[in-house]
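Descriptive structure summary
In case you want the letters, here they are:
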Amino acid sequence: MNYLKLQEVSTHNLKGFNLDIPLNTFVVITGPSGSGKSSLAFDTIAQLGKEKLLQILNYDKEFFPLSSIKAKLISSLPPVIGLSQGIKEWYPYKTFGEFLFIVQFLETLFIKWGEYKCFGCGYLNKISSFEDTISYYKTLKNGTRFYFLLPVFEYSPKALEYFVSQGYTKFFIDGKEIDLSEEEIPSKFKEIYLILDRMIKDEKSIERFVENLRLSLSLNQGRIVLKLLDGESKFFNLKTVCLKCGNYLFTKWYKCKQCNGLGYKERIPCKACKGLKFDNIVLASKLFGKEIREILKFDLKEFKSFLKENKKKYSIPEDWLNNIFYKLELADFLGLSDIPLSTPVFKLSLGQRKLLEILLIFGINFTQCLYVLDEPSLGLDLETKEKLL
Ligand SMILES: [Zn+2]
Ligand SMILES: [Zn+2]
């Protein structure tokens, strides 16, 4: 068996003893209050782990916090993860979902699959990457004929003159193909698309397709409609610009301006965001067809089935989800799965906070670590204590 070997341990009031602690097993340190349990577990063992980490990271000695360790370590030390009794330092308004990094995870999913609500017209926009657009192109059957169209938002004659001066004279105006080098612009119309190209899908035309994508970025902010001759139309938006009105879309999840993203003031939910912390334009945007507002109200169980439902449909990569599913399983096991993501920490009971701490520590699938826990069962009922063991 491997041991953590310490000699002359005399941190704080400890009396200079030698100690071998078996590794890869569960060890309990007990004793009356003031007997030095925390001095041994935290101020000695966990602190040694911390200093070792700082050394590995090459921190300069002078930046080390004043060390109070008085002990000799004569064995190797696995990476140490410490959990103290300190709930005090927790931000009371930080939510369950933020602590579990689920909100941050949602933002990441949103970048790829989200639908951005437009400030200007309310239209829900999907943003596509170059790769998404090329993948769609590749799914077309060889021989498929389609128009490469750019929606035009500025209907002013000037805007059209500009295109014509650049040699782009063919347009779809209210569904009718019009060549402006031969015909006049109708005095009234609803929709207008520049016909950038007419293409036939085959193996060789990929370069031309990519070139058209590039052109669309400079001509039209990367807003594209691929109109197949059999009738299907597909929209792509390569920049964060509204497809309908041309307004810029938000690029990051804006915090609610009323509460600066705290969600609460003196423990009362903010009126504007209802405690959800984000701007309403973000909350009204969608991921996998659900409003962000609804998703943030999910409890962990609902969130898990939401991910499971959409995993296949949107082909979310397995390795994106592994860690989050591991965490959610553990939350379920600890009995935390009925807590909504948007619950601020101050609303959790002492026991729930303790379990959340445990979830945070064990929710990362580390192996070969030394976990140092200070009274981890504080505030838990007997049944949960047994489960935890
Ligand atoms: Zn818009
Ligand atoms: Zn607010």
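Analysis parameters
Position numbers for residues start from 1 in each chain and track the written sequence from start to end. Throughout, the order in which chains and ligands are written sets their labels, letters from A for the former and numbers from 1 for the latter. For a predicted model such as this one, the threshold for reporting local features is a pLDDT of at least 70, and the threshold for listing and counting side-chain atom pairs is 80 or more; totals across whole chains, interfaces and linings nevertheless cover every residue. The side-chain figures draw on all heavy atoms in the structure; neither hydrogens nor water molecules are used. Helix and strand assignments follow DSSP, with helices taken as H or I runs no shorter than four residues and strands as E runs no shorter than two, numbered in order from the N terminus. Note that the radius of gyration is over C-alpha atoms, with the globule rule given as 2.2 Å times the number of residues to the power 0.38. Accessible area is worked out with a 1.4 Å probe on protein chains only. A residue is then buried under 20% of its type maximum, exposed over 50%, and partly exposed in between. We call two residues in contact whenever any of their non-hydrogen atoms come within 4.5 Å of each other. With residues, only the protein chains shown are counted as cover, and all accessible areas are computed by Shrake-Rupley using a 1.4 Å probe. Charge convention: Lys and Arg are scored as positive, Asp and Glu as negative, and His as well as the terminal groups of each chain are ignored. To locate a charge, take atom NZ for lysine, CZ for arginine, CG for aspartate or CD for glutamate. Reported domain spans reflect what an automatic or database domain assignment gives. Reported buried area values correspond to the accessible surface (1.4 Å probe) lost by two parts on association, with both partners' losses combined. The term salt bridge refers to a pairing of a side-chain nitrogen on Lys or Arg with a carboxyl oxygen on Asp or Glu at a separation within 4 Å. The term polar contact refers here to a pair of N or O atoms within 3.5 Å; inside protein, the definition further demands a hydrogen-donor-capable atom paired with an acceptor-capable atom, and it admits residues adjacent in sequence only when both atoms are side-chain atoms. Any residue that is not Ala, Val, Leu, Ile, Met, Phe, Trp, Tyr, Cys, Pro, Asp, Glu, Lys or Arg is counted as polar, Gly included; the first ten are nonpolar and the last four charged. Each metal's donors comprise the N, O and S atoms found within 2.8 Å of it (within 3.2 Å for Na, K or Ca). Water is not part of the atom list, so some coordination spheres may appear incomplete. In these descriptions, tetrahedral denotes four donors with every angle between 85 and 135 degrees, square planar four donors and octahedral six donors with opposite donors over 155 degrees apart and the rest between 65 and 115, and irregular any other case. DSSP bridges decide pairing: two strands pair if at least two such bridges lie between them. Axes here mean lines fitted to C-alpha atoms, for a helix over just the part in contact, with angles spanning 0 to 180 degrees between N-to-C directions. Patch membership requires more than 30% relative accessible area and the absence of a salt bridge. Residues of like charge join within 9 Å; the nonpolar side chains Val, Leu, Ile, Met, Phe, Trp and Tyr join within 5 Å.

In terms of helices and strands, the chain carries twelve helices and 17 strands. Over its C-alpha trace the chain gives a radius of gyration of 30 Å, far above what one expects of a compact globule, namely 21 Å for 389 residues. C-alpha extents for the chain along the principal axes are approximately 100 × 50 × 40 Å. Counting only residues that meet the buried cut, the chain has 43% of its 389 residues in that class. Partitioning the intrachain contacts of the chain with sequence separation of at least 6 by distance along the chain shows that 63% fall at a separation of at least 24. Counting every atom, the chain has about 22,200 Å² of accessible surface; 52% of that belongs to carbon and sulfur. Considering the chain, the positive charge centre built from 55 side chains and the negative charge centre built from 46 side chains are found 3 Å apart.

This next bit is on the domain arrangement of the chain. Segmentation of the chain into domains returns domain 1 (3-78), domain 2 (96-112 + 251-388) and domain 3 (128-237). Summarising the inter-unit geometry, the C-alpha centres of domain 1 and domain 2 are found 33 Å apart. Listed as interface residues are ten residues of domain 1 and, on the opposing side, five residues of domain 2. Roughly 530 Å² is buried in total at the junction of domain 1 and domain 2, and carbon and sulfur atoms are behind 71% of that figure. Summed over the shared surface of domain 1 and domain 2, the number is zero salt bridges. Here domain 1 and domain 2 share zero residue pairs in polar contact (both at pLDDT 80 or more) between them. Ranked by residues supplied to the side of domain 1 that touches domain 2, first place goes to helix H1 (residues 37-56) with five residues. For the side of domain 1 that touches domain 2, the residue count by class is eight nonpolar, two polar and no charged.

Further remarks concern the coordination of the zinc ion (ligand 1). At this site the zinc ion (ligand 1) is bound by Cys-118 (SG), Cys-121 (SG), Cys-242 (SG) and Cys-245 (SG), with donor distances of 2.3 Å. Geometry at the zinc ion (ligand 1) is tetrahedral, judged from its four donor atoms and the angles of 101 to 117° they form at the metal. The motif formed by the donor residues of the zinc ion (ligand 1), counted along the single chain, is C-x2-C-x120-C-x2-C. Taken together, the positions of Cys-121 in the loop between strand E5 (114-117) and strand E6 (124-126) and Cys-245 in the loop between strand E12 (233-237) and strand E13 (264-265) put the pair 124 residues apart, joining distant regions of the chain. By relative accessible area, which is 31% here, Cys-245 ends up partly exposed.

This part is about the sheet that holds strand E7 (residues 145-151). Within the open sheet, the six strands sit side by side as E9-E8-E10-E7-E11-E12. Their pairing is antiparallel. In this open sheet, the two edge strands, each paired with only one partner strand, are strand E9 (176-179) and E12. Between one strand axis and the next, the sheet turns by 35° as a mean value, whatever way the strands run. Sheet topology places E7 next to strand E11 (residues 223-228); four bridges connect them, and they run antiparallel. Counted as the bridge partner of Phe-148 is Leu-226 from E11. Contacting E7, E11 and E12, helix H4 (residues 130-139) runs over the sheet at an angle of about 160° to E12. Taken strand by strand, helix H6 (residues 206-220) contacts E7, strand E10 (192-200) and E11, and its axis lies near 165° from that of E10.

This next bit is on the sheet that holds strand E2 (residues 17-22). Strand order in the open sheet made by the three strands is E2-E1-E3, with antiparallel pairing throughout. Of all the strands in the sheet, the pair left with one neighbour each is E2 and strand E3 (72-73). Relative to E2, strand E1 (residues 3-9) is paired through five bridges, and the arrangement is antiparallel. Following the sheet pairing, Leu-4 is matched in E2 by Ile-21.

Turning next to the coordination of the zinc ion (ligand 2). Put simply, a metal with four donors set out as a tetrahedron has ideal angles of 109.5 degrees, and one with six donors set out as an octahedron has ideal angles of 90 or 180 degrees. Within the protein, Cys-256 (SG), Cys-259 (SG), Cys-270 (SG) and Cys-273 (SG) serve as the donor atoms for the zinc ion (ligand 2), at 2.3 Å. Coordination at the zinc ion (ligand 2) is tetrahedral, judged from the four donor atoms that bind it and the angles of 104 to 113° they form at the metal. Considered as a linear motif, the donors of the zinc ion (ligand 2) on their single chain read C-x2-C-x10-C-x2-C. Of the two residues, Cys-256 is situated in the loop between E12 and E13 and Cys-270 in the loop between strand E14 (268-269) and helix H7 (280-283); the sequence distance between them amounts to 14 residues. Here Cys-256 matches Cys-270 in class, with each residue buried.

Side chains of Phe-26, Val-28 and Leu-389 sit close together on the surface and give an oily, nonpolar patch of about 400 Å² of accessible area. You can see Phe-26 is positioned in the loop between E2 and H1.

So, about the pairing of E11. Burial within E11 is extensive, with five of its six residues counted as buried. For E11 and E12, the ladder comprises five bridges, and the chain directions are antiparallel. Paired with Arg-223 across the bridge in E12 is Asn-237. Turn length for the E11-E12 hairpin, with the two strands adjacent in sequence and antiparallel, is four residues, and the turn residue Gly-231 shows positive phi of about 115°.

To continue, consider unusual backbone geometry. Of note in the backbone geometry, Arg-267 takes a positive phi value of approximately 70° without being a glycine. Tracing the backbone shows Arg-267 in the loop between E13 and E14.

Counted under the stated rule, the structure contains eleven salt bridges. Of the charged contacts in the structure, one is a salt bridge between Lys-257 and Asp-279, with a shortest N-O distance of 2.6 Å. Taken together, the residues Lys-257 in the loop between E12 and E13 and Asp-279 in the loop between E14 and H7 connect sequence positions 22 residues apart. In this structure Lys-257 comes out as exposed when scored by relative accessible area, which is 64%.

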